[in-house]
Amino acid sequence: MMILVTVVGVRFKKAGKIYYFDPADQDVNKGDAVIVETARGLEHGTIVIGPRDIPEEQVVAPLKKVVRKATDKDAEQLEQNHLKAQEALKTCAKKIDTHGLEMRLVDCEYTFDNSKLIFYFTADGRVDFRELVKDLASVFRTRIELRQIGVRDEAKVVGGVGPCGRVFCCNTFLGEFQPVSIKMAKEQNLSLNPTKISGVCGRLMCCLRYESDHYEAKDQRPELFQPGQEVITVEGEGKVVGINGSRSTVKVELLDGKTMEFPVEEVDEKKCSTCAKQEEGSTPQTEPKSEK
């Protein structure tokens, strides 16, 4: 028998990961700001998934509870934490220069209850920041944590505009990074030039994954045709110059030089004349009758 658990989904940052919490006896709904209990202590978040029942196996134990709805005072404290974090960022940057460390400071944040100050940075290798931590602890009089992040996480935090002209997906709506492979670009017949399929972060663009499942679907891919293959269309003979798996179409260059796109159902493979004659002249073989 399936056991269901009532949960709400809470997000702590814009485009951040969604975590499940037990709403307990709180009357909360999607869009409400709440105070929840986390491994880092009390945190301020926003409910992005309203109360719903999900199978118990989908819950990561132990399921923390929603403590209460956030108040105006909590919102003021959150804003004060942001302002303090901006000042802390400047101070930490100066300390990094003083210690001569090869690291790039990206962001920092206070936990909601101010019990910890977390700095995020990128670096080419390992960095010995033990002295830096001691120096920062003496300045801010709180627990200090320095966390090294990757280039994709840096792009998510900093934000920017991608080659498509839109704000980074990771900075607007992607809660978690999904694996992206060069195979996805090949299946979509994209140029394998790294500058064409890489994002600002230098990694493969996240959007390569969006249509990947559609291209992989057997019934959606015109797999019978390959670029350069001679075919016959309703407009005449030609050769395949492109395949659009998402729309199940084939782009064909006709004999008159005109290029047109056809649904895969309207394109037939052109067979060589010798093969066609052999097929016409062949007679079906029958099994010899058995002797009685």
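Numbering of residues starts from 1 in every chain and runs along the sequence as written. For this predicted model, a pLDDT threshold of at least 70 governs which residues receive local features, and a threshold of 80 or more governs which side-chain atom pairs are given and counted, while totals over whole chains, interfaces and linings are taken from all residues. To get the side-chain values, take all heavy atoms of the structure and skip hydrogens and water.

Strands belonging to one sheet form pairs held by backbone hydrogen bonds; the direction of such a pair is parallel or antiparallel. Pairing between strands requires that DSSP locate at least two bridges from one strand to the other. Helix numbering and strand numbering both begin at the N terminus, where a helix is a DSSP run of H or I of at least 4 residues and a strand a DSSP run of E of at least 2. Taken in spatial order, the three strands of this open sheet run β6-β7-β8, and their pairing is mixed. Each having just a single partner strand, β6 (104-110) and β8 (143-148) make up the two edges of the open sheet. The mean inter-strand angle of the sheet, taken between neighbouring strand axes irrespective of direction, is 20°. By definition, residues are in contact when any of their heavy atoms lie within 4.5 Å. Axis definition: a line fitted to C-alpha atoms, limited for helices to the stretch in contact. Angles are taken between N-to-C directions and run from 0 to 180 degrees. Packing against the sheet, helix α1 (residues 72-99) makes contact with β6 and β7 (116-122), and its axis sits at approximately 145° to β6. In the packing of helix α2 (residues 130-140) onto the sheet, contacts are made with β6, β7 and β8, and the angle to β8 comes to roughly 140°.

Okay, the side chain of His44 next. Mapped onto the secondary structure, His44 falls in strand β4 (residues 41-55). Here's how the labels work: a residue is buried when its accessible area is under 20% of the maximum for its type, exposed when over 50%, partly exposed in between, all with a 1.4 Å probe on protein chains only. Here His44 falls in the buried class, since its relative accessible area comes to 12%. Not counting residues within four places of it along the chain, the set of residues in contact with His44 comprises Phe12, Ala33, Val34, Ile35, Ala70, Asp74, Leu78 and Phe112.

Moving on: the confidence of the model for the chain. Confidence scores per residue from the predictor, reported as pLDDT, run from 0 to 100. Residue-level pLDDT values for the chain average 86, and 88% of them are 70 or greater. Across the chain, β7 holds the top mean pLDDT of 95, while helix α8 (residues 273-281) sits lowest at 50. Predicted confidence is poor over residues 274-278, with pLDDT under 50, and the contacts of this stretch with residues over four places away or in other chains come to zero contacts. Note that pLDDT drops below 50 for residues 288-292; the model gives that stretch zero contacts with residues more than four away or on any other chain.

Counting 18 residues, the largest nonpolar core has Met103, Leu117, Phe119, Leu136, Phe140 and Leu146 as its most contacted members. Within the residue set of this core, elements represented by two or more residues are α1, β6, β7, α2 and β8. Tallying contributions element by element places α1 first for this core, with four residues. Setting aside residues up to four positions removed in sequence, Met103 forms contacts with Ile96, Phe121, Thr122, Ala123, Val127, Leu132 and Leu146. Throughout this description, the term nonpolar core refers to a set of buried Ala, Val, Leu, Ile, Met, Phe, Trp, Tyr and Cys residues connected via side-chain atoms within 4.5 Å. Within the second largest apolar cluster, ten residues are counted, among which are Val231, Val250, Val252 and Val267.

Ordered by their spatial adjacency, five strands build an open sheet running β2-β1-β4-β3-β5, and the pairing between neighbours is antiparallel. Of all the strands in the sheet, just β2 (18-21) and β5 (66-69) have a single pairing partner and so form its edges. Taking each pair of neighbouring strands and ignoring which way they run, the sheet shows an average axis angle of 45°. With six bridges joining them, strand β3 (residues 33-38) and β4 adopt antiparallel strand pairing. Within the sheet, the bridge partner assigned to Val36 lies in β4 and is Glu43.

With seven bridges connecting them, strand β1 (residues 4-11) and β4 associate as antiparallel partners. From the neighbouring strand, Thr6 faces β4, where its bridge partner is Asp53. In this antiparallel pair of consecutive strands, β3 and β4, the connection spans two residues.

Time to look at the packing of α1 against α2. The interhelical angle for the contact between α1 and α2, taken along N-to-C directions, is 140°, at an axis separation of 10 Å. Taken together, the axis directions place α1 and α2 in an arrangement best described as oblique. Classified by chirality, the crossing of α2 by α1 is right-handed. On α2, the residues that touch Ala88, Thr91, Cys92, Lys95, Ile96 and His99 of α1 are Glu131, Leu132, Asp135, Leu136, Val139 and Phe140. When the residues that make up the contact of α1 with α2 are grouped by side-chain class, the tally is seven nonpolar, two polar and three charged. Comment on the angle field: the value is read as roughly parallel under 35 degrees, roughly antiparallel over 145, roughly perpendicular from 65 to 115, and oblique elsewhere. Each crossing is labelled by how the near helix is turned from the far one, with a counterclockwise turn of less than a right angle marking it left-handed and a clockwise turn marking it right-handed. Classification convention: Asp, Glu, Lys, Arg as charged; Ala, Val, Leu, Ile, Met, Phe, Trp, Tyr, Cys, Pro as nonpolar; all other residues, Gly among them, as polar.

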